[in-house]
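# Structural overview
Letter by letter, the chains look like this.
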Amino acid sequence: MSGKCPICEKPLGRNKYTCSMRCWSVLKSNVKTCIICGKTFADSPSNGTVTCGSECSAENRRRKYSSVYAESLTKAHEMAALSPLTGRFETHMHAKEWVIQSPDGEIYRCRNLKNWIREHIDMFDGTLNQAWDGIVKIKYSAQGKRKNPVSQWKGWRLLEWGD
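Below: a short report on this structure. (Residues numbered from 1 in each chain as written. Predicted model: local features only at pLDDT ≥ 70, side-chain atom pairs only at ≥ 80, totals over all residues. Heavy atoms only, no water.)

## Here we look at the overall build of the chain
We apply this condition: The numbering of helices and of strands both runs from the N terminus, where a helix is a DSSP run of H or I of at least 4 residues and a strand a run of E of at least 2. The classification of residues rests on relative accessible area computed with a 1.4 Å probe and restricted to protein chains. Under 20% of the type maximum is buried, over 50% is exposed, and intermediate values are partly exposed. Should any heavy atoms of two residues lie within 4.5 Å, those residues are considered in contact. Residues scored as charged are limited to Lys and Arg (positive) and Asp and Glu (negative), so that His and the chain ends carry no count. Taken as the charge location is NZ of Lys, CZ of Arg, CG of Asp or CD of Glu.
For the chain, the helix and strand inventory stands at 4 helices and 5 strands. When the elements of the chain are put in sequence order from the N terminus, they spell out α-β-β-α-β-β-α-α-β. Summarising its shape, the C-alpha atoms of the chain cover approximately 100 × 40 × 25 Å along the three principal directions. Taken over 163 residues, the chain has a buried fraction of 21%. The contacts of the chain with a sequence gap of at least 6 include a subset with a gap of at least 24, amounting to 24%. When the 26 basic and 16 acidic side-chain charges of the chain are each reduced to a single mean position, those positions are 18 Å apart.

Right, here's the structure in full:
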């Protein structure tokens, strides 16, 4: 023993290991060093924490997983472009059969309503999302899911739909 506290370098007090109970608690606590900034912090030995706080933790994740995420995201985009189950197609995995009637009485059958509206947007008064929302509100009304039911949107009627 050198006669100095290993924590603060003050002379030892009544405690033969440290100068005070404060330094004793620091000595007995498990102290880890942050792998990002090098700052020491107290943490349980069974805890897998390796960083001192949320900012260093975010930086650690960014360094650790940025290449993995970038590669996975690139591969996912490449595969999605090739798959007929994704994208703006009639074969989209969530596409349903729709039968709608225009204001002039003409009946249209389609699969993937949003794609069909996108291709025939000139037939609608409004944007793609307004037309889609209007027809979907007719469907919800028929299912009893709307407080204020509607039967048509700007003259367009929904005759059938598949689930």
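## What to know about helix α4 (residues 128–142)
For clarity, the cut-off: Helix span is expected to be 1.5 Å times the residue number reduced by one.
Taking 1.5 Å per residue as the helical rise, α4 with its 15 residues ought to reach 21 Å, and the 22 Å between its terminal C-alpha atoms agrees with that figure. Every buried residue of α4 is listed here: A131, G134, I135, V136, I138, K139 and S141. Looking at the buried residues of α4, the elements they touch are β3 (97–101), α3 (113–119) and β5 (157–161). Note on α4: the residue one or two positions beyond its end, G144, has a positive phi of about 80 degrees.

## A closer look at the packing of aromatic side chains
Put simply, the rule reads: Any two of the Phe, Tyr and Trp rings considered here, Trp counted by its six-membered ring, make a pair once their centres fall within 6.5 Å; the pair's planes then place it as stacked at under 30 degrees, edge-to-face at over 60, or tilted in between.
Enumeration according to the criterion identifies 8 aromatic pairs in this entry. An angle of 75 degrees between the planes, with centres 6.4 Å apart, marks the rings of W116 and W156 as edge-to-face. Placement of the pair is W116 in helix α3 and W156 in the loop between α4 and β5, with a sequence separation of 40 residues. What makes W156 buried here is its relative accessible area of 2%. Judged by centre distance (4.3 Å) and plane angle (20 degrees), the rings of F124 and W156 are stacked. Separated by 32 residues along the polypeptide, F124 in the loop between α3 and α4 and W156 in the loop between α4 and β5 bring together distant segments of the chain.

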